[in-house]
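Below are the chains, spelled out letter by letter.
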Amino acid sequence: MNLTHDFSPTPEVDLASGKYVKIWHGPQHPGITGNMSLELTLCGDEIVNCKTHVGYLHRGFEKLMERRTYIQNFPLVCRIAVPEPTFNEYLYSAGIEDLAGIEVPELAKWLRCLNLELMRLGSFLMWLGGASGAFGMSTVYQWTVTHRDYILDLFEEMTGARIYHMYISPGGVRAPLPDGFKDRCLMVMKKVEKLLYEVETTVLNNAVFKKRAIGLGVISSDMVDAYGVTGPNQRAAGYARDTRKDSPYLVYEQLDFDVITATGSDAFDRTIVRYQEMHQCVSLIRQMLDRMPTDGAFHTPTPNVLHWKIPAGETYVKAECTRGEYGYYIETDGSEYVRRVHIRGPSYTHAIAVMEKLVIGANIADVAGLMVSLHTYPPEIER
Amino acid sequence: MKLKDVISPFYVWQRAFEKPYTNTKPIDTRPGADAYRGFHVNDIDKCVGCSSCQTICQNHAIDMVTTDKNSMPGDSGLRPRFDYGRCCWCALCVDICPSGSLHMSNEYAWVSDDPDSFRFTPGVDEKPWYQHEQGYHRDPNYNLLKLERAEMDMLSTEEGLKSFDEVVSGYNHEQAIAEADRCIECNICIATCPAHMDIPDYIKAIREQDLEEGLRILYKTNPFSATCGRICTHRCEDDCTISHLGKPLAIRWLKRYIIDQIPAENFARILQDSCEENGKKVAIVGAGPGGMSAAYYLRKQGYRVSVYEANKRAGGMLRYGVPTYRLPDDQLDKDIDYIISLGVTMHYETKVGIDIEFNTILDNNDAVFLSTGLNVPSNLRITGEEHPRVVSGLQVLFDTASGNNPNVGQKVAVIGGGNVAMDAARVSRRFGADVTVLYRRRLEDMPADPEEIKEATEEHCHFVTQAIPVKIVPADNPNQAIIHWGEAEMVDDGKGGRPRPILQDDKMHTETYDTIISAIGQSGDYSFLSESIRNDLSLKWHKFEVDDRQRTRIGNIFIGGDVANEVADAVSAIADGHNAAIGIHQYISEKV
Amino acid sequence: MIEALKQRLSEHFQLTNLTIKNAGLAFLWVEKHELEMLLRQLRDFEGYTHLSFIIASDHIEKNQFKLTYMLHNYDTKHDLGVHVDISRVNASMHSIHPLWAQAWTYQRELKEMYGIDFPESPRVDEDFCLEGWDDMPPMRRDFDTVKYCEEHFDDRDGRATEENRQTMKVNIYPERGE
Ligand SMILES: Cc1cc2nc3c(=O)[nH]c(=O)nc-3n(C[C@H](O)[C@H](O)[C@H](O)COP(=O)(O)OP(=O)(O)OC[C@H]3O[C@@H](n4cnc5c(N)ncnc54)[C@H](O)[C@@H]3O)c2cc1C
Ligand code: SF4
Ligand code: SF4
């Protein structure tokens, strides 16, 4: 393997020649890819060079966390990835628990896992709408976002908030499931499943979508490790790698699921993988609702959070989020504050190195579709 | 391309006539979920202004502000004011709230064109959502606070009864750290402590394992920490903020932990009390905690301090009252010896008024501090109490402390319900007697410390409540006495006060005892003061009137301890001694 | 497994420390000049084909930056963090952009956020998140965010708070104690 990134400078562009044009794609987007921009150099409608620009969502989380106590970071981390806050909550807590030697009760593991899978489903629904929108099918966006709202309703019940749940806290979770949650959740799963079949009909079997997405943005299989590609982007390239299977956390070992792969490695196959993973979410959620314990402790008391000190150490914990490997590296120094937290989000490479590579030669009209097919969240790049 | 792929997109029409899931505010409103984290609600009467919500808020969204609540022991009077320009509705403040006063409603919509209106004090500023039943409440099984105390090792009851050895073992390292960890550093207890000790600071020193710093903090306000760490009435714990939902911090035992870990010979090095002579002289009458505390703080300021004490040894009631199973002599000595080591001149067995005239002392010193304590037992005021088998609790305890067996016999009645009664009863148990405590009111009216009552009960002292002694008559055996007592009925006093016991003549009992111990109170002996001084000093309910710095109407006389304060416990005497030292220093400095 | 790996690596490299966190995670330290070779070895011969991230943490008290290169082996499902301590003064490190295609982005970020230079790294001087930043690299421990905010932004009026201890002293026992 020796595939290096192509850093050749923009071809000598003589803008005055009229042959080239430079345009900014973003930071505001017609879609769900969030605020980042691509500085594109076009020749006709073909892209000859791309430079990504990030920083519009930089809030310095990693720095902020160094000045907040362990409990104070818990409401902060969810903000790092807006559409998928829960992974931050889980990984922050898991890292802290690892360093502080806290064992989480069984029920909390199930509740965390349920929360994460609901989150995955909600996040994929939003993405699916965005992907449809990017390929000109905004109607579907209305459907999926409505269905995501049903899931947010569930979160509201379960956690007390729709987006920033602040539910998974160091030691476990904050509350048990409310009465009747299981039935309502199953009802939503039914609705989502119906929707998925409709999406299959309208989007995945849509001639226009197929025409545009098949062959778009192919991630060659040797790019995968060279670029650190993970998640569905990697699985669509034929790699059966999924943290949930490979390094199982929470209760995944007790659940029944297969790693979903495809071979085309283009925008279309990535969509298919995600689509199937949504079905997988529904199945996992049903399995959990069926099997999880109904009572017991859901939180292990931590030392007094107002002056909680954690012995010096370091750890790296990771989980499979919708986009791939999401991880928290945490270093402690024995004080009441973390020494260093690093949040590893898959978009860091997907939206920059991979994007800059794939977009070359693409048609300007496909840039939005390509970007959305990589499923990127700029906030996790900038943190 | 398949035909199906061209046709299928038209399926979207299917949902064209579906109702949207959004709603049209303000026509429709959709209430938040039951546990929604909406706007804050604070039960202003339950809140104790501990500021924990402010401390935990990572957004600096909370200010503590003055409201019409007054500051009082256990309540700072401040209340949290929220800045919704900063709040993120994480509810950490709700989770930490140790009084359980704070929660959130499920209301989430608030529209106003005045940005400043989004700063409000829940419970004080009227808001429509206070009535909502739904909203986020901390789940009772989710606790950020530690509500249970670290276990304390104690002698078993049987072991305890066998000797006068100390019953409570004191915390070990792990227990102390665990207990210290529970503190939320709200500072509320400081106001309650009569000595206003820097409690959260020394608890922090334990957590940080800097016990030498802990010792320095203790001595800033209390040179009797080995003592107080054992027998203090620990009123701070009554007002501990954690006590609203759980067990208060074991503040007393944490204090003891610090002292127990540091050997007496290290005190001087750690405390570095310099005592630069200032050439002025102060005399102290009474070497109890009040007198010795004053001696410590005066000596530190460079005064030549002479202490006059009627007994053989210093310590006052701590030595001659409190039994050694609660306060071993060597622990009391640890406190006292350090004070004396600073260069305090002790005149033992020198009873002022008999061995030396009070006026002589007054004339030879720049100021005098009196802390002579209450050592005259109160009479039962019933016929026959002069019987030789009727003795005072103080006498029994004095004898015991002096190493003389009080010979209480096999069967003992203790009359009274205060700490002296409990001590006399438990001491008698240790001498092997069968003990019955007769108390005129109900168990819950007993002034004794609940722990003392509990331990006395465990040591098999029998409690007979609502029992009023009527008379004592000689028994056939001259070494016994017979008590006649009647059952009492509790009668409402009609003024909302505590009910009064009324004797029921038809429910009389008689019982023969080897010893009847009277422990119903004690008062001061002021005979060493001349009539004129006594009049000038002004006595009220047998106590001297003093101000916050123990000043009396006579400029150079300062008074404190049991003879001045209402509570009559050790730490109040210590605080009085400290304040007297400050008062005396002011007085002498101003005079110059 | 990891012990055997250590054995093999020790033949070629000076590994200064190895900590095994759990079955799936270990950290090892290597000297600055050996890093690139070591990573190459790990990638090409030991199966650590995936680079999760590169970060620095500021150990200002030791006047060092600790760099962490987090690698993953998909076959053994093992994460390996490789640490390099570098001096904080004129901090600089060899670029590993030829090894992994996303490395240059991390190096660009490290330059911006910590001031660590990677001389050969492409586009290393371009702004990453910050635009027109002229202060100290903000992720350094000695960059004080609060001070920066106080200097650059105003607080909104109308905020004032009181403190328990003082309030209670003034209201309850003004004349007692020290
Ligand atoms: C049995 C018993 C148990 C108690 N248990 C507790 C407890 O658990 N916790 C608690 O906080 N408090 C307890 N107390 C109360 C506590 O002991 C007193 O509040 C405290 O000792 C008062 O200190 P003081 O300095 O005012 O007086 P004292 O301790 O009474 O000291 C006064 C000293 O003055 C001396 N003296 C008096 N007159 C003269 C004179 N004319 N000339 C020279 N010397 C004189 C006395 O000999 C005595 O040594 C208890 C008291 C008793 C009696
Ligand atoms: S934490 Fe609770 S009791 Fe303390 S000030 Fe805040 S609202 Fe009041
Ligand atoms: S809800 Fe959170 S942000 Fe808001 S005041 Fe409470 S602790 Fe602060």
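Residues numbered from 1 in each chain as written. Chains lettered and ligands numbered in written order. Predicted model: local features only at pLDDT ≥ 70, side-chain atom pairs only at ≥ 80, totals over all residues. Heavy atoms only, no water.

## Describing the overall build of chain B
Part 1 of the reasoning: Looking only at helices and strands, chain B has 21 helices and 22 strands in total.
Part 2 of the reasoning: For the C-alpha atoms alone, the extent of chain B along its principal axes is close to 120 × 70 × 45 Å.
Part 3 of the reasoning: Evaluated residue by residue, chain B yields a buried proportion of 56% over its 592 residues.
Part 4 of the reasoning: Nonlocal contacts in chain B, meaning residues at least 24 apart in sequence, comprise 70% of its contacts between residues at least 6 apart.
Part 5 of the reasoning: For chain B, the exposed surface amounts to about 25900 Å²; the carbon and sulfur share of it is 49%. (Helix = DSSP H or I, 4+ residues; strand = E, 2+ residues; numbered from the N terminus. Buried < 20%, exposed > 50% of the residue type's maximum accessible area, 1.4 Å probe, protein only. Contact = heavy atoms within 4.5 Å. Areas by Shrake-Rupley, 256 points an atom, 1.4 Å probe, with all protein chains shown as cover.)

## Some thoughts on the interface of chain C and chain B
Part 1 of the reasoning: Taken together, the contacts link 19 residues of chain C with 40 residues of chain B.
Part 2 of the reasoning: If you sort the residues of chain C by the area they bury against chain B, R159(C), R165(C) and R176(C) come out on top, with a joint share of 30%.
Part 3 of the reasoning: At the junction of chain C with chain B, the criterion picks out six salt bridges.
Part 4 of the reasoning: R165(C) is the salt-bridge partner of D201(B), the closest N and O atoms lying 3.5 Å from each other. (Buried area = accessible area lost by both parts, 1.4 Å probe. Salt bridge = Lys/Arg side-chain N within 4 Å of Asp/Glu carboxyl O.)

## With respect to the domain arrangement of chain B
All names here are of chain B.
Part 1 of the reasoning: Once the domains are mapped, chain B shows domain 1 (31–136), domain 2 (163–269), domain 3 (278–375 + 524–591) and domain 4 (377–522).
Part 2 of the reasoning: Between the C-alpha centres of domain 2 and domain 3 there is a distance of 25 Å.
Part 3 of the reasoning: Listed by partner, the interface residues are 28 residues for domain 2 and 27 residues for domain 3.
Part 4 of the reasoning: Interface area, domain 2 with domain 3, both sides summed: about 2300 Å², of which 67% is carbon and sulfur.
Part 5 of the reasoning: Scanning the region where domain 2 abuts domain 3 turns up one salt bridge.
Part 6 of the reasoning: Our enumeration of links across domain 2 and domain 3 arrives at 14 residue pairs in polar contact (both at pLDDT 80 or more).
Part 7 of the reasoning: Sorting the residues of the side of domain 2 that touches domain 3 by element identifies α8 (211–221), α9 (225–231), α11 (251–261) and α12 (267–271) as the ones contributing at least two each.
Part 8 of the reasoning: It is α9 that provides the largest number of residues to the side of domain 2 that touches domain 3, a total of six residues.
Part 9 of the reasoning: Each residue belonging to the side of domain 2 that touches domain 3 can be placed in one class, and the counts come to 17 nonpolar, five polar and six charged. (Domains from an automatic or database assignment. Polar contact = N/O pair within 3.5 Å; in protein donor to acceptor, adjacent residues only side chain to side chain. Nonpolar A, V, L, I, M, F, W, Y, C, P; charged D, E, K, R; others polar.)

## Topic: the interface of chain C and chain A
Part 1 of the reasoning: Contact with chain C, which involves 50 residues of that partner, is made by 47 residues of chain A.
Part 2 of the reasoning: Interface of chain C and chain A: buried area, both sides summed, is about 4100 Å²; carbon and sulfur atoms make up 52% of it.
Part 3 of the reasoning: In this assembly, chain C and chain A are joined by ten salt bridges.
Part 4 of the reasoning: We note a salt bridge from R383(A) to E109(C), for which the minimum N-O separation is 2.5 Å.
Part 5 of the reasoning: The tally of links between chain C and chain A comes to 28 residue pairs in polar contact (both at pLDDT 80 or more).
Part 6 of the reasoning: At the level of elements, β2 (25–30), β3 (50–59), β4 (64–73), β5 (78–87), α3 (103–114) and α4 (145–152) of chain C are the ones that each hand at least two residues to the side of chain C that touches chain A.

## With respect to the site of ligand 2
Part 1 of the reasoning: Around ligand 2, the surrounding shell holds 15 residues, and the nearest of these are C47(B), C50(B), C53(B), C97(B) and S99(B).
Part 2 of the reasoning: Each residue belonging to the shell around ligand 2 can be placed in one class, and the counts come to nine nonpolar, six polar and no charged. (Near = heavy atom within 4 Å.)

## Focus on the side chain of E66(A)
Part 1 of the reasoning: Examined against the element boundaries, E66(A) turns out to sit in the loop between α1 (61–65) and α2 (70–77).
Part 2 of the reasoning: A distance of 3.2 Å separates polar atoms of two side chains, one belonging to E66(A) and the other to R141(C).
Part 3 of the reasoning: Contacts of E66(A), omitting those with residues within four sequence positions, involve Y337(A), V338(A), R339(A), R340(A), M139(C) and R141(C).

## Things to note about the packing of helix α7 (residues 199–207) of chain B against α8(B)
All names here are of chain B.
Part 1 of the reasoning: Closest axis-to-axis distance for the α7/α8 pair is 8 Å, and the angle between their directions is 165 degrees. Between α7 and α8, the angle falls in the class roughly antiparallel. With respect to the hand of their crossing, α7 and α8 are arranged in left-handed fashion. Two secondary-structure elements touch here, α7 through D201, Y202, A205 and I206 and α8 through L211, E213, G214, I217 and L218.
Part 2 of the reasoning: A class-by-class count of the residues in the contact of α7 with α8 yields six nonpolar, one polar and two charged. (Axes fitted to C-alpha atoms, helices over the stretch in contact; angles between N-to-C directions. Parallel < 35°, antiparallel > 145°, perpendicular 65-115°, else oblique. Left-handed = near helix turned anticlockwise from the far one by under 90°.)

## A word on the pairing of strand β3 (residues 46–53) of chain A
Residues and elements named next belong to chain A.
Part 1 of the reasoning: Relative to β3, strand β2 (residues 37–43) runs antiparallel, the two sharing seven bridges. Looking across to β3, one finds that L42 is bridged to I47.
Part 2 of the reasoning: The antiparallel pairing of β2 with β3 creates a hairpin that spans two residues between the two strands, and G44 there sits at a positive phi of about 65 degrees. (Pairing = 2+ DSSP bridges.)

## Points about the sheet that holds strand β3 (residues 78–83) of chain B
Part 1 of the reasoning: On the basis of which strands lie adjacent, the open sheet formed by three strands has the order β2-β3-β5 (chain B) and antiparallel pairing. Strands at the two margins of the open sheet, each flanked by one partner only, are β2 (62–66) and β5 (119–120) of chain B.

## Some remarks on the state of the cysteines
Residue and element names in this part refer to chain B.
Part 1 of the reasoning: Going through the model one piece at a time under the given rule, you end up with zero disulfides over all chains.
Part 2 of the reasoning: Its sulfur unpaired, C232 is 4.7 Å from the next cysteine sulfur, which belongs to C228.
Part 3 of the reasoning: Just so you know, C236 is unpaired, no disulfide at all, and the nearest cysteine sulfur is the one on C193, 6.0 Å from it.
Part 4 of the reasoning: Its relative accessible area of 7% is what places C236 among the buried residues. (Disulfide = S-S within 2.5 Å.)

## Looking at the nonpolar core
Part 1 of the reasoning: Within the largest apolar cluster, 267 residues are counted, with the highest numbers of intra-cluster contacts made by L118(A), Y328(A), Y69(C) and V82(C).
Part 2 of the reasoning: Per element, the largest residue contribution to this core is 15 residues, and it comes from helix α4 (residues 106–134) of chain A.
Part 3 of the reasoning: Among residues more than four places away in sequence, those in contact with Y69(C) are L35(C), L39(C), F53(C), I54(C), L80(C), G81(C), V82(C), V84(C), M93(C), H94(C), I96(C) and F118(C).
Part 4 of the reasoning: Formed by 25 residues, the second largest nonpolar core is a distinct cluster that contains Y325(B), V396(B), A424(B) and V427(B). (Core = buried A, V, L, I, M, F, W, Y, C linked by side-chain atoms within 4.5 Å.)

## Considerations on the environment of A570(B)
Residue and element names in this part refer to chain B.
Part 1 of the reasoning: Of note, A570 is situated in helix α21 (residues 570–591).
Part 2 of the reasoning: Of the residues examined, A570 reaches a relative accessible area of 13% and is grouped as buried.
Part 3 of the reasoning: Counting along the chain gives 312 residues from A570 to I258, while the straight-line C-alpha distance between them is 19 Å.
Part 4 of the reasoning: When near neighbours in sequence (up to four residues on either side) are disregarded, A570 contacts I231, P289 and L318.

## What to know about the pairing of strand β12 (residues 411–415) of chain B
All names here are of chain B.
Part 1 of the reasoning: Taken across its five residues, β12 has four buried, putting it largely inside the fold.
Part 2 of the reasoning: Bridge count between β12 and strand β13 (residues 434–439): five bridges; the pairing is parallel. Across the sheet, the residue bridging to K411 is D434, located in β13.
Part 3 of the reasoning: In this fold, β12 hands off to helix α18 (residues 419–430), which returns the chain to β13; that crossover is right-handed.
Part 4 of the reasoning: Alignment of β12 against strand β18 (residues 515–518), held across four bridges, turns out to be parallel. In the strand pairing of β18, I415 is matched with S518. (Right-handed = clockwise from strand over helix to strand, strands pointing away.)

## Some details on the sheet that holds strand β8 (residues 338–344) of chain A
Residues and elements named next belong to chain A.
Part 1 of the reasoning: Read from one edge to the other, the open sheet built from three strands follows the order β6-β7-β8, with strand pairing classed as antiparallel. With one partner strand each, in any of the chains shown, β6 (313–321) and β8 form the two edges of the open sheet. Taking the axes of each pair of neighbouring strands and ignoring which way they run, one obtains an average angle of 10 degrees across the sheet.
Part 2 of the reasoning: As defined by bridge partners, β6 adjoins strand β7 (residues 324–332) across nine bridges and the pair is classed as antiparallel. For G313, the partnering residue across the bridge sits in β7 and is T332.
Part 3 of the reasoning: Those strands touched by helix α3 (residues 85–100) are β6, β7 and β8, and its axis lies near 150 degrees from that of β6.

## So, a negative patch on the surface
Residues and elements named next belong to chain C.
Part 1 of the reasoning: Taken together, the side chains of D144, E150, D154, D155 and D157 make up a negatively charged region of the molecular surface.
Part 2 of the reasoning: Topologically, D155 is positioned in the loop between α4 and α5 (164–172).
Part 3 of the reasoning: A relative accessible area of 69% places D155 in the exposed class. (Patch = residues over 30% accessible without salt bridge, like charges linked within 9 Å, V, L, I, M, F, W, Y side chains within 5 Å. Lys, Arg positive; Asp, Glu negative; His and termini not counted. Charge placed at Lys NZ, Arg CZ, Asp CG, Glu CD.)

## Observations regarding the pattern of salt bridges
Part 1 of the reasoning: What the rule picks out here adds up to 92 salt bridges over all chains.
Part 2 of the reasoning: One continuous salt-bridge network, built from bridges that share partners, spans E117(A), R120(A), R235(A), D242(A), R244(A), E277(A) and E320(A).

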